[in-house]
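Structural description and commentary
Each chain, letter by letter, is given below.
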Amino acid sequence: AMVVQVMQSSSFQPPSTASPYTNFDWNEFLSNKVLVAYGFEQGGSKENEIHLCADGTFSADIKKTGFMKNQNPEYRGRNTGKWTVSGTGPTTTIQFTFNKKNVPIFEAPLLIQDEKVLSNGERYFVGQSDKCK
């Protein structure tokens, strides 16, 4: 009888499934930022940096880990080009078009949760870019 009484007197609120990032604006968030990923291999570390400028250009310094680790070798090293990101919400796809000839467009999924940015399960740290004018 006690259980029934408690059930009647408390109002039940279903858990909120709305993400705090429902209307998240990726373009605004990523403009003039640098995405940095750290990879650790054979006791050493590698750092990937991708600078995303508000004018839609990017510059990247990609080591053998990170965003493009399973991709073609032409993505590695220093690259420049254009970036675009589509949509709002907790997930998006970022697209890179390279200035180098014959380098295919590269797309990567991005997810934001608990103030962390992830791509394919790998964490990216986001900071202000010092390379964007």
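Structure report, in brief. The structure displayed is predicted, hence computed values, not measured ones.

1. Description of the overall build of the chain
Secondary structure summary: the chain contains 2 helices and 8 strands in total. Written out in order from the N terminus, the α and β elements of the chain read α-α-β-β-β-β-β-β-β-β. Each of the 133 residues in the chain was classed as buried or not, and the buried ones make up 35%. If you take every contact in the chain between residues at least 6 apart in sequence, the share linking residues at least 24 apart comes to 47%. Carbon and sulfur atoms form 51% of the exposed surface of the chain, whose accessible area is close to 8700 Å².

2. Points about the pairing of strand β7 (residues 116–119)
Here strand β6 (residues 106–113) runs beside β7; their pairing, made up of 3 bridges, is antiparallel. When the sheet's bridge partners are listed, Q113 is paired in β7 with K116. Hairpin geometry of β6 and β7 is characterised by an intervening segment of 2 residues between the two adjacent antiparallel strands and by a positive phi of about 50 degrees at D114. Here β7 runs beside strand β8 (residues 122–128); their pairing, made up of 3 bridges, is antiparallel. Note that in β8 the partner of S119 across the bridge is E122. Where β7 hands over to β8, the hairpin turn is made up of 2 residues, of which N120 adopts a positive phi near 50 degrees.

3. A word on unusual backbone geometry
Although it is not a glycine, N32 adopts a positive phi angle of roughly 60 degrees. At N120, a position not held by glycine, the phi torsion is positive, near 50 degrees. With respect to the helices and strands, the residue N120 is situated in the loop between β7 and β8. N120 sits in the exposed class, given a relative accessible area of 63%.

4. Observations regarding the environment of P109
Structurally, the position occupied by P109 is in strand β6. Here P109 falls in the partly exposed class, since its relative accessible area comes to 37%. Considering only alpha carbons, one finds P109 and N120, 11 residues apart in sequence, at a separation of 6.8 Å. When neighbours within four sequence positions are excluded, P109 is seen to be in contact with T92, T93, L118, S119 and N120.

5. Regarding the packing of aromatic side chains
Applying the stated criterion across every chain, the model contains 6 aromatic pairs. Where F24 meets W26, the ring centres are 5.0 Å apart and the plane angle is 85 degrees; that geometry is what we call edge-to-face. You'll find F24 and W26 in the same group, each marked buried. The buried category is assigned to F24, whose relative accessible area is 14%. Here K33 stacks its cationic end above the ring of F29, 5.4 Å away from the centre of that ring.

6. Quick look at the pattern of salt bridges
Taken as a whole, this structure holds 1 salt bridge when the rule is applied. We note a salt bridge from R78 to D61, for which the minimum N-O separation is 3.5 Å. Residue R78 is found in strand β4 (residues 77–86), and its partner D61 is found in strand β3 (residues 57–62); the two are separated by 17 residues along the sequence. What makes D61 buried here is its relative accessible area of 18%.

Reading guide: rules and limits
Residues numbered from 1 in each chain as written. Predicted model: local features only at pLDDT ≥ 70, side-chain atom pairs only at ≥ 80, totals over all residues. Heavy atoms only, no water. Helix = DSSP H or I, 4+ residues; strand = E, 2+ residues; numbered from the N terminus. Buried < 20%, exposed > 50% of the residue type's maximum accessible area, 1.4 Å probe, protein only. Contact = heavy atoms within 4.5 Å. Areas by Shrake-Rupley, 256 points an atom, 1.4 Å probe, with all protein chains shown as cover. Pairing = 2+ DSSP bridges. Phe/Tyr/Trp six-rings, centres within 6.5 Å; stacked < 30°, edge-to-face > 60°. Lys NZ or Arg CZ within 6 Å of the ring centre and 35° of its normal. Salt bridge = Lys/Arg side-chain N within 4 Å of Asp/Glu carboxyl O.

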